[in-house]
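# Residue-level structure breakdown
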Amino acid sequence: MDALDRVVKPKTKRAKRFLEKREPKLKENTKNAMLIKGGNANLTVTEVLKDIYAVKKPFAVLYKKKNITRPFEDQTSLEFFSKKSDCSLFLFGSHNKKRPNNLIIGRMFDYHVLDMIELGVEKFVSLKDVKNSKCPEGTKPMLIFAGDMFEVNEEYRRLKSLLIDFFRGPSVPSIRLAGLEYVLHFTAVDGKIYMRSYKVLLKKSGCKIPRIELEEMGPSLDLVMRRTHLASDDLYKLSLKQPKALKPKKKKNISHDVFGTTYGRIHMQKQDLGKLQTRKMKGLRKRPAEKLAEGGGVSPKKSKSA
């Protein structure tokens with residue numbers, strides 16, 4: 001049987017649209033996340049998954065049923081759910097005596113696990129525990145990372161990249177000031193990661209630029225890093241590869257210095273300076289004798305006979 005004969009063609013328009021949506025694109029869709037509850041998840045882990053889902057909506061899928069799986073031992077079930085729900089990000093919650101209040105955050109590449117990091121929840125404040133006003137659903141957050149560990153340690157650097165991928169939301173062409181109303185702050189210090197979320201309040205300042213205040217909104221998490229499963233350098237570079245159509249075309253004869261100044265080289269034909277137009281002043285005009293000497297001809301005027 002030929003390979004082309006084994007390809008299942010869509011029988012309905014809905015199935016055709018579904019397959020077209022999953023086809024490779026130059027600009028990929030906003031990454032969706034699936035939030036999965038392990039077989040032995042407790043109340044704290046369940047509430048964490050619900051709050052992260054509330055923050056991530058509408059680009060998230062919450063699985064309410066318990067799934068007995070161990071991502072660090074067997075990743076097939078995660079890859080199955082990823083392909084089924086078309087999600088490239090995941091957050092798995094579990095709880096046991098060895099690793100209490102456990103979260104595994106990770107991402108996929110071609111429906112296979114690229115990298116994942118295990119985090120332990122030491123302290124948790126839920127959305128409903130903070131009695132302040134909340135941001136509307138689908139608000140794009142501003143992400144702030146503090147701490148040298150996010151720049152020095154390779155595992156923390158990969159965690160920073162993973163958190164940006166998870167919470168960044170859709171790409172937007174422009175931003176309005178009133179739309180900046182949600183902040184996610186991550187601090188790495190003394191071997192712990194502190195996640196805090198704030199609502200931005202724009203107050204009157206007496207000038208054009210408003211005064212900004214931050215009001216804690218929730219959820220709030222104190223995390224500690226446990227196990228890690230990081231992709232190799234070659235696979236990680238392959239996942240970052242962009243198609244040639246999206247790469248900016250290199251402009252010839254243009255260079256930039258360290259200060260950002262743009263220099264351009266222009267190629268011109270050789271100029272004849274003899275035909276260069278100068279200011280028409282009487283003092284610069286050539287006399288008839290000079291013109292005659294340059295032309296090498298005879299004066300048109302007849303000489304008077306004696």
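Keep in mind it's a predicted model, so treat the numbers as computed, not measured. (Residues numbered from 1 in each chain as written. Predicted model: local features only at pLDDT ≥ 70, side-chain atom pairs only at ≥ 80, totals over all residues. Heavy atoms only, no water.)

Moving on, we get to the overall build of the protein chain. Each helix and strand counted, the protein chain has seven helices and twelve strands in total. Its C-alpha atoms give the protein chain a radius of gyration of 34 Å, more than 25% over the compact-globule value 19 Å for 306 residues. If one aligns the C-alpha atoms of the protein chain with their principal axes, the spans along those axes are about 135 × 75 × 40 Å. For the protein chain, with 306 residues in total, the buried portion stands at 29%. Approximately 22500 Å² of the protein chain is accessible, and the part contributed by carbon and sulfur atoms is 54%. (Helix = DSSP H or I, 4+ residues; strand = E, 2+ residues; numbered from the N terminus. Rg over C-alpha atoms; globule rule 2.2 N^0.38 Å. Buried < 20%, exposed > 50% of the residue type's maximum accessible area, 1.4 Å probe, protein only. Areas by Shrake-Rupley, 256 points an atom, 1.4 Å probe, with all protein chains shown as cover.)

With that out of the way, let us pick up the confidence of the model for the protein chain. Of the residues in the protein chain, 90% reach a pLDDT of 70 or more, and the chain-wide mean stands at 83. In this model residues 1–5 is a low-confidence stretch, pLDDT under 50, and it forms one contact with partners more than four residues away in sequence or in other chains. (pLDDT = per-residue confidence, 0-100. Contact = heavy atoms within 4.5 Å.)

Moving on: helix 5 (residues 154–167). Here helix 5 is 14 residues long and its end C-alpha atoms lie 20 Å apart, about the 20 Å a rise of 1.5 Å per residue gives. Buried residues of helix 5: Y156, R158, L159, L162, L163, D165, F166 and F167, and no others. A side-chain oxygen of the first residue of helix 5 lies 2.8 Å from the backbone nitrogen of E155; this N-cap is N153. G169, located one to two residues past helix 5, shows a positive phi value of around 80 degrees. (Expected span 1.5 Å × (residues − 1). Polar contact = N/O pair within 3.5 Å; in protein donor to acceptor, adjacent residues only side chain to side chain.)

With that settled, consider helix 3 (residues 76–85). Every buried residue of helix 3 is accounted for by L78, E79, F81, S82 and S85. Buried residues along helix 3 cover an arc of 165 degrees about the axis, so they all sit on one side. Counted as exposed and oriented over 90 degrees from the buried face of helix 3: T76, F80 and K84. Once helix 3 finishes, D86 follows within two positions and takes phi at roughly 55 degrees, a positive value. (Arc of directions from axis to C-beta.)

What follows deals with the layout of surface pockets. Summary: where empty space remains is shown by rolling a probe the size of a single water molecule over the atoms. A volume near 300 Å³ is recorded for the second largest pocket. Each residue belonging to the lining of the second largest pocket can be placed in one class, and the counts come to five nonpolar, eight polar and five charged. (1 Å grid on protein atoms, 1.4 Å probe; cavity = no way out; pocket = protein on both sides within 12 Å on 5 of 7 lines; lining within 4 Å. Points joined across faces, edges and corners; volume = space filled by probe spheres on them. Nonpolar A, V, L, I, M, F, W, Y, C, P; charged D, E, K, R; others polar.)

Here N102 shows up in strand 4 (residues 102–109). The class for N102 is buried, based on a relative accessible area of 2%. A polar side-chain atom of N102 sits 2.7 Å from a polar atom in the side chain of E118. Apart from the residues within four sequence positions on either side, N102 is in contact with V45, F92, G93, S94, E118, L119 and R226.

Turning our attention to the pattern of salt bridges. A full pass over the atoms with the stated rule returns 15 salt bridges. As a salt-bridge pair, E122 and K192 come within 3.0 Å of each other at their nearest N and O atoms. Residue E122 is found in strand 5 (residues 112–125), and its partner K192 is found in strand 8 (residues 192–203); the two are separated by 70 residues along the sequence. A salt bridge links E154 to R157, with the shortest nitrogen-to-oxygen separation between them at 3.4 Å. (Salt bridge = Lys/Arg side-chain N within 4 Å of Asp/Glu carboxyl O.)

For strand 6 (residues 142–146) and strand 7 (residues 182–189), the ladder comprises five bridges, and the chain directions are parallel. Looking at the pairing, F145 lines up with F186 of strand 7. Between the end of strand 7 and the start of strand 8, which pair antiparallel, lie two residues, with D190 showing a positive phi angle near 55 degrees. (Pairing = 2+ DSSP bridges.)

Quick look at the packing of aromatic side chains now. Overall, the coordinates contain seven aromatic pairs when judged by the stated rule. On the numbers, 5.0 Å between centres and 65 degrees between planes, the contact of F166 with F167 is edge-to-face. Accessibility classification places F166 together with F167 in one group, the buried group. In textbook terms, an aromatic cluster arises when at least three aromatic residues are bridged by ring pairs, as seen for F145, F150, Y156, F166, F167 and F186. Over the face of the ring belonging to F166 we find K56, whose NZ or CZ atom lies 5.4 Å from the ring centre. Sitting above the plane of the F72 ring, R227 keeps its charged end 4.3 Å from the centroid. (Phe/Tyr/Trp six-rings, centres within 6.5 Å; stacked < 30°, edge-to-face > 60°. Lys NZ or Arg CZ within 6 Å of the ring centre and 35° of its normal.)

On to a nonpolar patch on the surface, then. Among the surface-exposed residues, L177, L202, I212 and L214 lie close enough to one another that they form a single nonpolar patch of about 390 Å² accessible area. Its place among the elements puts L177 in the loop between helix 5 and strand 7. (Patch = residues over 30% accessible without salt bridge, like charges linked within 9 Å, V, L, I, M, F, W, Y side chains within 5 Å.)

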